[in-house]
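Letter by letter, the chains look like this.
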Amino acid sequence: MALPQDRITLPVAVLGQLMPMYLWVGPTGGLCAAGPTMVKLIGRGDPVGLPFADHFDLRRARRVRGDSAQSVRDLVGQRLQLTLRRDPATTLRGIAVPVGADGAEGIFLNMSFGVGLADAVRKHHLTDADFAPSDLAMELLYLQEAKTAVMGEWQGLNERLQAARRAAEAQAMTDALTGLANRRAFDFGLQAAIDQVARGSPGFALAHLDLDHFKAVNDTLGHAAGDRVLATVAQVLHEEMRRGDLVARIGGDEFALILRGPIEPDQLLALGARIIAGLEERCRVNGEPSGVSASLGVVMSQSYAQPDPQRMLADADAALYASKHQGRSRCTVVTPKVGHCAPINDTAPCKTTQIASDAATGCTLPVVPAAPASSSAV
Amino acid sequence: MHGLINRSIQIFLCETYGGTLWADVASAAGLGPDGFEAMLHYDDDVTDVVLASASGRLGKPRAALLEDFGAFLVTQEPLRRLLRFGGVDYADFLLSLDELQGRGLMALPDLDLPALGLNVHAGGRFTLTVQGDLPGWGAIATGLLRAMADDYGALATIEPMAPKNGTELLSIELHDARFAVGRRFDLAQPVVGAE
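Please read all numbers here as calculations on a predicted model, not as lab measurements. (Residues numbered from 1 in each chain as written. Chains lettered and ligands numbered in written order. Predicted model: local features only at pLDDT ≥ 70, side-chain atom pairs only at ≥ 80, totals over all residues. Heavy atoms only, no water.)

Draft legend 1. Highlighting the side chain of A:Arg249. Mapping A:Arg249 onto the fold places it in strand 8 (residues 246-249). Ignoring anything within four residues of it in the chain, the contact list for A:Arg249 reads A:Asp175, A:Leu177, A:Thr178, A:Leu180, A:Ala181, A:Asn182, A:Arg183, A:Leu230, A:Glu254 and A:Phe255. (Helix = DSSP H or I, 4+ residues; strand = E, 2+ residues; numbered from the N terminus. Contact = heavy atoms within 4.5 Å.)

Put into structure tokens, the structure is as follows:
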């Protein structure tokens, strides 16, 4: 018996095995049959006779006019996107072909889920039996879960690397003994403070501090005692700092402070006095005063038309050595020339103000020598 | 060896035998206390040292340790789910093993899983060839396939056979694909935080 070459006849149940999401819409727009998964999605039991338009919305089709039988036939040959009326988030896509001569017996649609597959599976309680074995739905679900797991691992790695980087950065910026900023962090901080002045910030003061009589402690009592003194100094300095200030250990017994402005010379002197008094009081060895004190030199950014880190450091250093030469345990503040606050040219530092500390009594004696108006005199 | 596999071995050793054993093994392999990073690659020698060291410390042959590792993998829910996507029942799952390496590569293009090849014989008998970089993938597959049989509720015997030309071989006998009620597997991934 010769079989017709151009057609296949299959029972609808077999069609359902091949295409669990098919729909046969009759010429008047009523459902004639549907695949088992489609029946599940419609959720109304036997689908025969249900109006197509009551259960599906056309999301994308080039030609459509209302929901008449004519328009259903118009869908033939097109890629379609449908949504379920009872669950508009579930999107189906597929193609429609005519049934019978020129669609006389309606249209046949074969649909599948798009990227919303995982949600649809969850909402409609679908199982692997709801998909044709040739459908890549399982692979898509597998990939989605595998991707989530892999992304989770990457995210974990990134977080651990980020934490390690932060720790390494903090370590690279910290003085291990005292926990203060180190020289590198100080250089960054000074440049940042100068950059902020250029952007209109109210200026800052730079203090350079060198311990007095520290070598004696180190030499006679050992490095461990010296280290404890340094830690105490760090503590005293840290307590004097405000938010936004920076305190750094920049050498063996050398420290530097960046004090954000606005800040007045007498405030700087008072700060110097508190630091000196605090150090002398608290740097003790075996409960006895260690004799350690400090000399400070302070410069202010307002003294410079264009502050430069090297220049400011050199001037603060010169002011520090002025304190040393005057007998140590004192603070020298180089103030901008009165009436010439800014801008001033490179011969700026002009007037020094000093306080000295009497180590024996711990009281501070303001000393205000009228220093000549040049840096070399400081 | 991919870090994901190394990291899995680490978690297996930690969870089964405790952090102290892992610390000893890690130190023998020159790893830091945090061990392996799942998304980095490691020299195969490191994996070998980890396995040799754990096997020595536990007094357990390497193959037995790897079989336990294979079974342990199935206790990891995300991995169990990925494996269950392989088939609707155990027989279907066995037939999907040919694709396992490819599925791994779909998830992670540099994942070095072994190549598996399933030969089907009459009467529910199969042989599986296992070809991987790490000697012992056959033992891992043995443990994993036994655990997956339980997961599907199938009754099967899986035994290693003598390797042929460097290829590891397993014999699988499927007695009853629906011997018991398997563990539940919903296609929909459980929602995190929902009960």
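Alright, that's what it looks like, and here's the rest.
Draft legend 2. Broad picture of the sheet that holds strand 2 (residues 125-131) of chain B. All names here are of chain B. Taken together, the four strands give an open sheet; going across it, the order is 1-2-4-3, and neighbouring strands pair in antiparallel fashion. Lying at the two open borders of the sheet, with one neighbouring strand each, are strand 1 (115-120) and strand 3 (155-164). In this sheet, adjacent strand axes meet at a mean angle of 20 degrees when their direction is disregarded. Direction of pairing for strand 1 relative to strand 2: antiparallel, over a ladder of six bridges. Looking at the pairing, Ala115 lines up with Gln131 of strand 2. Across the sheet, helix 8 (residues 137-152) touches strand 2, strand 3 and strand 4 (167-176), and the angle it forms with strand 4 is around 15 degrees. (Pairing = 2+ DSSP bridges. Axes fitted to C-alpha atoms, helices over the stretch in contact; angles between N-to-C directions.)

Draft legend 3. Up close: the interface of chain A and chain B. With 18 residues of chain A at the contact, the number on the chain B side is 19 residues. It is A:Arg122, A:Tyr142 and A:Glu145 in chain A that bury the most area against chain B; as a group they hold 36% of the surface buried on that side. Counting across the chain A and chain B interface gives three salt bridges. As a salt-bridge pair, B:Arg81 and A:Glu145 come within 2.7 Å of each other at their nearest N and O atoms. There are four residue pairs in polar contact (both at pLDDT 80 or more) connecting chain A and chain B. Breaking the side of chain A that touches chain B down by element, the ones donating at least two residues are helix 5 (117-123) and helix 6 (137-172) of chain A. Counting residues per element, the side of chain A that touches chain B draws most heavily on helix 6 of chain A, at twelve residues. (Buried area = accessible area lost by both parts, 1.4 Å probe. Salt bridge = Lys/Arg side-chain N within 4 Å of Asp/Glu carboxyl O. Polar contact = N/O pair within 3.5 Å; in protein donor to acceptor, adjacent residues only side chain to side chain.)

Draft legend 4. Representation of the packing of aromatic side chains in the model. A complete count under the given rule lists twelve aromatic pairs over all chains for this structure. Relative to B:Phe185, the ring of B:Phe85 has its centre 5.2 Å away and its plane inclined at 85 degrees; by these criteria the two rings are edge-to-face. With B:Phe85 in the loop between helix 5 (77-84) and helix 6 (90-95) and B:Phe185 in the segment after strand 4, the pair connects residues that are 100 residues apart, well separated along the chain. Neither B:Phe85 nor B:Phe185 differs from the other in exposure class; each is buried. Ring pairing ties together the aromatic residues B:Phe12, B:Tyr17, B:Phe69 and B:Phe72, which thus form one cluster. The ring centre of B:Tyr152 lies 4.2 Å from the NZ or CZ of B:Arg84, which sits over that ring. Over the ring of A:Tyr142 we find B:Arg103, and its NZ or CZ is 5.0 Å from the ring centre. (Phe/Tyr/Trp six-rings, centres within 6.5 Å; stacked < 30°, edge-to-face > 60°. Buried < 20%, exposed > 50% of the residue type's maximum accessible area, 1.4 Å probe, protein only. Lys NZ or Arg CZ within 6 Å of the ring centre and 35° of its normal.)

Draft legend 5. Structural context of the nonpolar core. Membership of the largest hydrophobic core comes to 56 residues, with the highest contact counts inside it found for B:Leu13, B:Leu31, B:Val50, B:Tyr90, B:Leu128 and B:Leu145. Sort the elements by how many residues they give to this core and helix 8 of chain B lands first, with ten residues. Each of domain 1 (3-60) and domain 2 (74-176) of chain B gives at least three residues to this core. The contact partners of B:Tyr90, leaving out residues within four places of it in the chain, are B:Leu145, B:Met148, B:Ala149, B:Tyr152, B:Ala154, B:Ala156, B:Ile158 and B:Leu174. A:Met21, A:Leu41, A:Leu75 and A:Leu80 belong to the second largest nonpolar core, which has 37 residues in total. (Core = buried A, V, L, I, M, F, W, Y, C linked by side-chain atoms within 4.5 Å. Domains from an automatic or database assignment.)

Draft legend 6. Structural detail: the pattern of salt bridges. Residue and element names in this part refer to chain B. Across all of its chains, the model carries 31 salt bridges over all chains by this definition. Lys60 is paired through a salt bridge with Asp68; the nearest N and O atoms lie 2.6 Å apart. Each of Glu77, Arg80, Arg84, Asp151 and Arg183 takes part in a single network of salt bridges with overlapping partners.

In short, the description is geometric, and any link to function would need to be established separately.
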